[in-house]
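Residue-level listing of the chains:
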Amino acid sequence: MDFSYTILIPLIPLALFVILGIFSKKIPASISGWMGSIGLGVTFVLSYYAAYQYYLNGKVNGVYQPFIYKYNWMNFTDKLHIDMGVLIDPISVMMLVVVSTISFMVHLYSRGYMKGDDGYTRFFAYLALFSFSMFGLVLATNLFQIYIFWELVGASSFLLIGYYYTKPSAVSAAKKAFIVTRFADFGFLVGILIIGYYTGTWDFQELNNPEGSVITNWASTSFMGLSVLTWALILIFMGGAGKSAMLPFHIWLPDAMEGPTPVSALIHAATMVVAGVYLVARLFPMYYFIEDGFALQVVAYVGAISSLFAAIIALTQNDIKRVLAFSTMSQIGYMMLALGVSGYHGHDGLGFMASMFHLFTHAMFKGLLFLAAGSVIHAIHSNYLQDMGGLRKYMPITHITFLIAALSISGVPFFAGFFSKDEILTAAYENNILIYISSVFVAGLTAFYMFRLYFGIFWGKDKEYEHTPHESPMSMTIPMMFLAFMSIAGGYIHFSKYISPDHMPFEAHLNYYLAAIASTVGLIGIVLAFIFYKKENNLSERFSHAFGIFYKWTYNKFYFDEIYLFVTKKIIFGLVAKPSAWFDKNVVDASMIGIGNVTESFSYKIKGMQSGKFQDYAMGFISGGVVIAIVVFYLWIN
Amino acid sequence: MIEGISIYEILTLSSIVFFVGVYGFFTRENLITVLMSIELILNASALNFVIINTYLYPDFLQGAVFSIFIIAMAAAETALAIAIIINLYKLVASVEVKDTEKLKY
């Protein structure tokens, strides 16, 4: 089988970026939108074709084979080198499908959403750059290549968050996102270097081989009680946590909502933020086998805590995009914890499969939620829940699609989210009961805050609008309808047939007992939201008063931003930067200035020797010459 | 080779001219005469070149060529010095050495 055409998948967006970027002033808006959409449409078709071909025929003796096309790019030693290439295996093909679907839909949607914007062509150029980097990340064959594209997606995320560059809040949000993720990526880089140093390879095939020398020799070097490779994996996970907005690196994600809404749907809901999950999944055999999965435990707990934490914050936020941002963080926490509790062989790999399954369904329904939220924002020009209400009469399509996505994320039976969430809960139940309980609780919270949004936007009070809101144009509603279809149909794909840690298909069955618990909890959340927010009433205010200080804490996102500001401003700037500045000014600079001052005052003392008469100087010169001549003559004589 | 005059006599002459120049350079008050003293020094050395060439290496011409160089250089140097002196005169309305002390620091 030949998959070499997959190289086109990243290259088409790259070409689009170059063309649209260079000629952004020349290409009129009407053409650039179509160019972007058609280009991504081609990658969409190629990705689906690759998936079709791979999942149907990629097996040899019941095991999915990886297909690798690469060339040697840079050599360090005989063994350690960086390759550039394309790796086709079950999870990369799955990611290709996710990224190309969402990217294509967002391109179509943006044609309507960004209409009339000054930077229309620039916007499509950035979207193409992002798509290129994301495809490159997904197809990377080794750690260094993934790191290069990892940084590229970070840079394009920065460009797109700061797209409205005249808005100070957007500029600072872009900076924040870049700095926080870049800080986390520092850990990633150190991890890569440790792996390169101790194992001598970056190639995924060599690293991930369970019988290979890397995994079998993990105990050879240790540092502070843990294997160095465990440290490397924890550091790599730090990079993943930064991109995926896990605790404590989540602070950039809510602010990133300053970007245009299609960008939030593409980057900050469906694709870039799941790069961390993809990274852990990519190195899963290492995480699982090295030190008996110590690093994987870290992943599981970070994921579980983040998902709970984000779900609680999402309850109190009033900016609809921020609620969705925290919801994204919470769902990514789910994926992380599913990876964390997963085993390797056969049916034990359920968590891994569930994580990828949830990644897939989440991309569809969360992308849809953002697109629908964008459609609402487009209609009433506000992000805040207080300005919304009763919109179901004006925007029927947005209403229905949003409802489908909300039902899906809440885990209501027969929607996509139900199936993937059930697999995650089953995996958690089989491995770690504590994480299971917290996840079920999060499922209830998710349903509650999602339907708080839903009732708040489309039902609730009947508001008088200055301009009557109306349904968005076809260019925006068609992608939403497609994603709504995927938010239902996506759940019926038998992921366990395609994806597992050891590349061998297995049978996963719905656990009816656990599914019943999860969906009951979800329905309780929905009913509560119905009571609170269906009709305008003061129940929610009474409750928030009852919770008092806890409500205030949650509303302020547990003061995480303030803690970071305290650490940077007071501790780093105050206790480290200021003394260093003082040392630099008063010791390093001062000694140099001192030398200069001494020389200057000394020269003032002796300047009287200069008479200003050139004949005196000539006298000095000549007599000096005579003295030297005499000395030389005397020495010559002797 | 000049009949009846030995190299020593001519070298003595050139030494005298040289030291007269040096003396003038150190003691004259007027910049123009200082300049003239410099010309004397240069002429003394040019004379040395020619004489040593003629008496010791009559088959070669390097000394004579060098003296032509010295004359050219002296002309250029004089032009430059005169220009400086004229500018100085514009500044302080004098060509006395003692009035140039302003330039010290």
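Residues numbered from 1 in each chain as written. Chains lettered and ligands numbered in written order. Predicted model: local features only at pLDDT ≥ 70, side-chain atom pairs only at ≥ 80, totals over all residues. Heavy atoms only, no water.

Student: Explanation requested: the overall build of chain A in the structure shown.
Tutor: Along chain A, the regular secondary structure elements total 25 helices and six strands. Per-residue burial over chain A gives 57% buried out of 638 residues. On chain A, roughly 27,000 Å² of surface is accessible, and the fraction owed to carbon and sulfur atoms is 69%. (Helix = DSSP H or I, 4+ residues; strand = E, 2+ residues; numbered from the N terminus. Buried < 20%, exposed > 50% of the residue type's maximum accessible area, 1.4 Å probe, protein only. Areas by Shrake-Rupley, 256 points an atom, 1.4 Å probe, with all protein chains shown as cover.)

Student: So what exactly am I meant to see when it comes to helix α3 (residues 62-92) of chain B here?
Tutor: Helical geometry note: an α-helix holds 3.6 residues per turn, so side chains three or four residues apart project in the same direction. Residue and element names in this part refer to chain B. Over its 31 residues, α3 runs 44 Å from end to end, which matches the ideal 45 Å to within 8%, given 1.5 Å per residue. Regarding α3, the residues found buried are Gly63, Ser67, Ile70, Ala74, Ala81, Ile85 and Leu88. Structurally, α3 contributes buried residues whose contacts are with α2 (31-56). Among the residues trailing α3, Ala93 stands out with phi positive, at a value near 55°. (Expected span 1.5 Å × (residues − 1). Contact = heavy atoms within 4.5 Å.)

Student: Please clarify how the interface of chain A and chain B should be interpreted in this entry.
Tutor: Accessible area lost on assembly of the parts is the figure often given for the size of an interface. If you look at the interface, chain A gives 11 residues, while chain B gives 11 residues. When the buried surface of chain A facing chain B is broken down by residue, Lys613, Phe614 and Gln615 of chain A rank first, second and third, together holding 48% of it. The tally of links between chain A and chain B comes to two residue pairs in polar contact (both at pLDDT 80 or more). Taken together, the residues of the side of chain A that touches chain B break down into four nonpolar, five polar and two charged. (Buried area = accessible area lost by both parts, 1.4 Å probe. Polar contact = N/O pair within 3.5 Å; in protein donor to acceptor, adjacent residues only side chain to side chain. Nonpolar A, V, L, I, M, F, W, Y, C, P; charged D, E, K, R; others polar.)

Student: Got a minute to help me understand the nonpolar core in this structure?
Tutor: Nonpolar side chains in soluble globular proteins generally cluster together in the buried interior. With 214 residues, the main nonpolar core has Leu143 and Tyr287 of chain A as its most contacted residues. Ranked by the residues each element gives to this core, the list is headed by helix α16 (residues 350-380) of chain A, at 21 residues. What Leu143 of chain A contacts, discounting residues up to four positions off in sequence, is Phe188, Ile192, Ile195, Trp202, Phe204, Leu207, Ile236 and Leu283 of chain A. Counting residues in hydrophobic clusters, the runner-up holds 11 residues, among them Ala618 of chain A together with Leu31, Leu35 and Leu88 of chain B. (Core = buried A, V, L, I, M, F, W, Y, C linked by side-chain atoms within 4.5 Å.)

Student: What should I look at first to understand the environment of Gln317 of chain A in this one?
Tutor: Residues and elements named next belong to chain A. Looking at where Gln317 falls in the secondary structure, it is placed in the loop between α14 (294-314) and α15 (320-340). Between the C-alpha atoms of Gln317 and Tyr555, which are 238 residues apart in sequence, the distance is 6.3 Å. Those residues in contact with Gln317 that lie beyond four places of it in its chain are Val323, Phe326, Arg452, Thr554, Tyr555 and Lys557.

Student: Where do I start with the layout of surface pockets in this structure?
Tutor: Sizing a probe to match a water molecule and rolling it over the atoms shows the empty space that remains. Residues and elements named next belong to chain A. Approximately 1,100 Å³ is the volume found for the largest pocket. Surrounding the largest pocket, 34 residues form its lining, Leu315, Phe448, Arg452, Tyr533 and Ser540 being those nearest its centre. Where the lining of the largest pocket is concerned, the elements lending two or more residues are α19 (433-458), α21 (512-533), α22 (539-547) and α23 (549-555). (1 Å grid on protein atoms, 1.4 Å probe; cavity = no way out; pocket = protein on both sides within 12 Å on 5 of 7 lines; lining within 4 Å. Points joined across faces, edges and corners; volume = space filled by probe spheres on them.)

Student: Teacher, can you tell me more about the confidence of the model for chain B here?
Tutor: In regions of low pLDDT, the predicted coordinates are not meant to be interpreted in detail. Chain-level pLDDT for chain B is 89 on average; 96% of the residues reach the 70-or-more range. Among the scores for the predicted complex, ipTM is 0.76 and pTM is 0.78. (pLDDT = per-residue confidence, 0-100.)

Student: How do you make sense of helix α3 (residues 90-113) of chain A when you look at a structure like this?
Tutor: Between the first and last C-alpha of α3 of chain A there are 34 Å, a value that for 24 residues agrees with the 34 Å anticipated at 1.5 Å per step. Among the 24 residues of α3 of chain A, 24 are classified as buried, and the element is accordingly described as predominantly covered.

Student: What is the right way to read empty space enclosed by the protein from this model?
Tutor: Residue and element names in this part refer to chain A. Going through the model one piece at a time under the given rule, you end up with three cavities of 30 Å³ or more. Taken as a whole, the largest cavity spans an internal volume of roughly 60 Å³. Lining the largest cavity we find Ser410, Gly411, Phe418, Lys421, Asp422, Leu425, Ala443, Ala515, Ala518 and Ser519. The greatest single-element share of the lining of the largest cavity, amounting to four residues, is contributed by helix α18 (residues 416-431).

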